[in-house]
There are 2 protein chains.
Amino acid sequence: MSDRIGFIGLGIMGKPMARNILKAGYPLVAYNRTPGRGQELEAEGATLCTSPKEVAQGSDIVFVMVSDSPAVEEVVLGENGVAEGGRAGMVVVDMSSISPIVTKRIATKLGDRGIDMLDAPVSGGEEGAINGTLSIMVGGKPEVFQRVRPIFEKMGKNIVHVGENGAGQTCKLCNQIVVALAIEAVGEALVFAAKSGVDPAKVREALLGGFAQSRVLDLHGQRILERNFKPGGKCKLHQKDTETALSSAKELGVSLPGTALVAQMWNALAAQGREELDHSALVTVLEEMAKTEVRRKWGNR
Amino acid sequence: MSDRIGFIGLGIMGKPMARNILKAGYPLVAYNRTPGRGQELEAEGATLCTSPKEVAQGSDIVFVMVSDSPAVEEVVLGENGVAEGGRAGMVVVDMSSISPIVTKRIATKLGDRGIDMLDAPVSGGEEGAINGTLSIMVGGKPEVFQRVRPIFEKMGKNIVHVGENGAGQTCKLCNQIVVALAIEAVGEALVFAAKSGVDPAKVREALLGGFAQSRVLDLHGQRILERNFKPGGKCKLHQKDTETALSSAKELGVSLPGTALVAQMWNALAAQGREELDHSALVTVLEEMAKTEVRRKWGNR
């Protein structure tokens, strides 16, 4: 017997993810705080609910894809939340990117009611959500992961069970730490090249063949050369994740000096009103500091 | 008619690079400041000289692979140097990693004597030198690059002509900026995971499938998990290149905040007596700050 699926949060990421579940033939009940967002999915066969509680009442596995830790706490544990409509044996799968520490707390509270939880944040952006090619980093019990895995496979390609509850969120923060510093690295290198009078496109090409190779150098490096800062992954979301990493690091007793530096770069971007751009726009802070711009076929200083 | 090849600097990198030229059938005259270093190559067919000047007298293309900017200036422009033994139409190819600004100065001085120069620093370490798989980043005139290219192909695989003199060294510094910050990024992520009680090996695996993918996460991440800090690329060489990038940045008017931070990490490594280890040992500074260690199957805090 197939599990009935609930989906809460039909934003830029949530809607295409829910659609991929629906397309795969699962019955789907859905909820979004702003009601208009669900109409398309309703036309495609989903049943819209008026609260997270109602979603929980009508489903066996409830996916949550909302903006931040308080939003997850509200839809799961708040008034008319998932917990109120849930029952023992149900699974809550939080695919939002939130604090691993908050995640453990929510998982414990759900566990007290016999409700299992997975944290399963994603990487890959809107494009990955639409194409069903997200990376999904999962924390929680192995048997619960196995139960949900077939549905994850409708949304993503690289699906890794990292460890117990919170491990998925920790892994996502690790991802964001690495990507943020990789953008900083590529930005510093390309600005240095440009101001040296060396073609940054040639530098990117040369570096892709050696130890400096990375997906960020490839994709974000190309965006920087093309001045294409249409998101993709927004600066303000990366800023949020960076702040979560830093507050978690403080609580855990870990020093993240590079991440702290990039947090200041996001702050500069926000101050300059560019927080809605793709996170590769981090380079513009470095460009303004150096009074230069990274362009293909840069001629001279 | 084949060019006669000279090679100056038969250290960890220079010796296997010279050997690959010799193996390809080129006549080779060679020089090393410490005389013993050349004996093996002599047995394999090279002719040893007693000065860089003598190397220049006996060859048409002179490769230089020494430790730093002063060493290159000395062997090329100093007493009994290459310039003294050179003549118009000769080419000096400096494969050392040195300052792009010093490089331009040397190229100008050689140019005054009708001697062409290429700057052609490499990436790929001792292993790449032995296997002939180095990345080679070349600055200088296109026609000179074309003349030397067949010999580069005996030493490397990814050979890119980046621009005019100095562009190869600039590109190498860009490479070192990106790799240093990538190691910092992977180090911060894996230490964060370990102290969170999450298996860093699982995090590496999950991240390799997404935007965080990089050769550093793959290779250096694996070294960190295995505590394998046998070089590879030594911290002290990466420290030298980082300092060159920062002094060039000051001269050019570029701000490299992330690179400046990593420079402080190299300083800490040196203070702790670990500057001879592989540059992935950068993670040990982060580990000491957090009083933890990155290990596979990390159980708890």
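Residues numbered from 1 in each chain as written. Chains lettered and ligands numbered in written order. Predicted model: local features only at pLDDT ≥ 70, side-chain atom pairs only at ≥ 80, totals over all residues. Heavy atoms only, no water.

Novice: Tell me about the relation of the copies chain B and chain A, and please be specific about residues and values.
Specialist: Each copy of the sequence occupies a distinct position, and chain B is placed on chain A by a rotation of 180 degrees and an axial shift of 0.0 Å, giving an RMSD of 0.0 Å. The symmetry that links the two subunits is that of a two-fold axis. Among all residues of chain B, the minimum C-alpha distance to the rotation axis is found for S214 of chain B, at 1.9 Å. Most of the interface of chain B is mirrored in chain A: 100% of its interface residues are interface residues there too. (Least-squares fit on C-alpha atoms with pLDDT ≥ 70 in both. Contact = heavy atoms within 4.5 Å.)

Novice: Give a detailed account of the domain arrangement of chain A, specifying residues and quantitative values.
Specialist: Residue and element names in this part refer to chain A. When cut into domains, chain A gives domain 1 (5–163) and domain 2 (170–290). With twelve residues of domain 1 at the contact, the number on the domain 2 side is ten residues. Together, the buried faces of domain 1 and domain 2 total about 950 Å²; carbon and sulfur atoms form 62% of this surface. The interface formed by domain 1 and domain 2 holds four residue pairs in polar contact (both at pLDDT 80 or more) in total. The residue makeup of the side of domain 1 that touches domain 2, split by class, is seven nonpolar, four polar and one charged. (Domains from an automatic or database assignment. Buried area = accessible area lost by both parts, 1.4 Å probe. Polar contact = N/O pair within 3.5 Å; in protein donor to acceptor, adjacent residues only side chain to side chain. Nonpolar A, V, L, I, M, F, W, Y, C, P; charged D, E, K, R; others polar.)

Novice: I'd like a description of the environment of L208 of chain A, backed by residues and values.
Specialist: Counting through the fold element by element, L208 of chain A comes out in helix α10 (residues 200–208). Exposure remark for L208 of chain A: the relative accessible area of 22% places this residue in the partly exposed category. Between the alpha carbons of L208 of chain A and T47 of chain A there is a distance of 47 Å; along the sequence they are 161 residues apart. If we ignore the near neighbours within four places in the chain, the residues touching L208 of chain A are Q213, S214, L217 and D218 of chain A together with R215 of chain B. (Helix = DSSP H or I, 4+ residues; strand = E, 2+ residues; numbered from the N terminus. Buried < 20%, exposed > 50% of the residue type's maximum accessible area, 1.4 Å probe, protein only.)

Novice: Help me get a handle on the pairing of strand β8 (residues 134–139) of chain B, residues and values and all.
Specialist: Residue and element names in this part refer to chain B. Counted residue by residue, β8 has six buried out of six residues, so it is predominantly covered. Of the two faces of β8, both are covered, the one formed by L134, I136 and V138 as well as the one formed by S135, M137 and G139. By the bridge criterion, two bridges tie strand β7 (residues 122–123) to β8 in an arrangement that is antiparallel. Paired with S123 across the bridge in β8 is S135. Where β8 lies against strand β9 (residues 156–163), six bridges are found, and the strand directions are parallel. When the sheet's bridge partners are listed, V138 is paired in β9 with H161. (Pairing = 2+ DSSP bridges.)

Novice: Could you give me a rundown of the nonpolar core, with the residues and numbers involved?
Specialist: Core analysis: the largest hydrophobic core is formed by 102 residues, its most contacted members being V203 and L207 of chain A together with V203 and L207 of chain B. Those residues in contact with V203 of chain A that lie beyond four places of it in its chain are L190, A193 and V198 of chain A together with V162, C171 and C174 of chain B. (Core = buried A, V, L, I, M, F, W, Y, C linked by side-chain atoms within 4.5 Å.)

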